[in-house]
Amino acid sequence: MIQVKNQNQIVAMKEAGRITAQALLAARECVREGVSTYEIDQVIRNTIERAGAKPSFLGYAGFPGSACISINDEVIHGIPSKTRILKEGDIVKIDVGAFYKGYHGDSARTIPVGKVSEQALRLIEATEKSFWAGIAQAQAGNRVGDIGHAIESCVQEYGYSAVRRYVGHGIGHELHEAPDVPNFGTAGRGVRLCNGMVIAVEPMINVGVCDVKEMSDGWTVKTADGKLSAHYENTVAITADGVLVLTEA
Ligand code: MG
Ligand code: MG
C-alpha cells in the first residue's frame, strides 16, 4: 500500500534527506586514487552517526556496509572493502541512506576518480539528466510510467540503456515502500501519482546492454557485458507546490 505523507511528515523526511546528502558530500570529498571503499564507507557512517542518525543500509537484509559502493561495471550494491582501492579513471557509485526520527533518506551519485574517459563523463551526465527528466513528470495526476518513460527516452538518445531488474521505490518509515518506480515504462500507464507521495527516483544507466548479473558475494550487481554503469538518485516529494528534492545538503 502506498503511504502518502502529510506536510509534517515531509518536513521530517527532509531532515533525513539532509543528513543523507551531507554523508554523500563527505564521501565525495574523500574520493581519490588510493582510497579504499572501506575508508569511504567509514566517512559516511561517521557523518550519519554524528548527526544522530543511523545508516539505513547497515544490516539491511544483512548488508555489511553503511553505503553501497560500486566501481565501473558494478551497477549497485557493491560491498565496501579494505581491498577495493580506487584508481585514476574509475567511476565510483556511492549510494547512501540515513534513518532519522523514523524516516529514511536515500540518494546516490556517480563520482569520477581523477581524470576519466570522455565516455564515462558522458554517461554520468546522461544519467543525471535522465533523473531530472524523470522527476519533471513527478506530479499529481501523472503516472509512474510517465517517470520511467522520460528516463528511458532520455538515455536512449545517448545510445544507453536503463537497467530494468532494479527500480526506484516509495520511501518513508521503510527504506523500500510501494510503489516501484522503474526507469522504463509507458507514458500514461502505471500507478497514479498524488501529492504526498515520496519516492526515490534512481536511474541506473548502462553504456551497453541493460542486462545485469549478480555476483557470488550475494550483493554486487554488475553489467552483463562488462561495460560502464552510472547511478543517480534522490528522494523526492510530490507536492502541490511541485516536486521537492529532499536529499539536498
Ligand atoms: Mg539508494
Ligand atoms: Mg533507492
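In the block above lies the structure referred to throughout.
So what about the overall build of the chain? Which residues, and what values?
Within the chain, the regular secondary structure consists of four helices and 15 strands. Taking 249 residues into account, the globule formula puts the C-alpha radius of gyration at 18 Å, and the chain, at 17 Å, falls close to it. Considered along the principal axes of its C-alpha atoms, the chain spans approximately 45 × 45 × 30 Å. For the chain, buried positions account for 54% of its 249 residues. Nonlocal contacts in the chain, meaning residues at least 24 apart in sequence, comprise 70% of its contacts between residues at least 6 apart. As presented, the chain carries roughly 10,600 Å² of accessible surface, and 49% of it is formed by carbon and sulfur atoms.

Break down the nonpolar core for me, citing the residues and quoting the values.
Formed by 34 residues in total, the largest nonpolar core has its most connected members in V31, I40, I44, I48, V92, I94 and V96. For this core, the secondary structure elements donating two or more residues are α1 (7-29), α2 (37-50), β2 (67-71), β4 (91-100) and β5 (103-112). Examining the composition of this core, we find that seven residues originate from one element, α1, more than from any other. When residues no more than four places from it in sequence are discounted, the contact partners of I94 are L24, A27, V31, I40, I44, C68, I69, S107, A108, R109 and I111. By size, the runner-up hydrophobic cluster in this structure holds 29 residues, among which are L123, L193, M197 and V201.

Quick one: what's the story with the packing of aromatic side chains, residue by residue and with numbers?
By the definition in use, this model includes four aromatic pairs. Look at F63 and W219: their rings are 4.9 Å apart centre to centre, the planes differ by 80°, and that puts the pair in the edge-to-face class. Taken together, the positions of F63 in the loop between β1 (54-55) and β2 and W219 in the loop between β11 (212-214) and β12 (221-223) put the pair 156 residues apart, joining distant regions of the chain. A centroid spacing of 5.0 Å and a plane angle of 85° characterise the contact between F131 and W132, whose relative ring orientation is edge-to-face. On the accessibility criterion, F131 (0% relative accessible area) is buried. One aromatic cluster is present, built from ring pairs that chain together F131, W132 and Y232. The ring of Y232 carries R109 above its face, with NZ or CZ at 4.1 Å from the centroid. Its end group placed over the ring of F184, R164 keeps NZ or CZ at 4.1 Å from the ring centre.

Procedures and definitions
- Residues numbered from 1 in each chain as written.
- Chains lettered and ligands numbered in written order.
- Predicted model: local features only at pLDDT ≥ 70, side-chain atom pairs only at ≥ 80, totals over all residues.
- Heavy atoms only, no water.
- Helix = DSSP H or I, 4+ residues; strand = E, 2+ residues; numbered from the N terminus.
- Rg over C-alpha atoms; globule rule 2.2 N^0.38 Å.
- Buried < 20%, exposed > 50% of the residue type's maximum accessible area, 1.4 Å probe, protein only.
- Contact = heavy atoms within 4.5 Å.
- Areas by Shrake-Rupley, 256 points an atom, 1.4 Å probe, with all protein chains shown as cover.
- Core = buried A, V, L, I, M, F, W, Y, C linked by side-chain atoms within 4.5 Å.
- Phe/Tyr/Trp six-rings, centres within 6.5 Å; stacked < 30°, edge-to-face > 60°.
- Lys NZ or Arg CZ within 6 Å of the ring centre and 35° of its normal.

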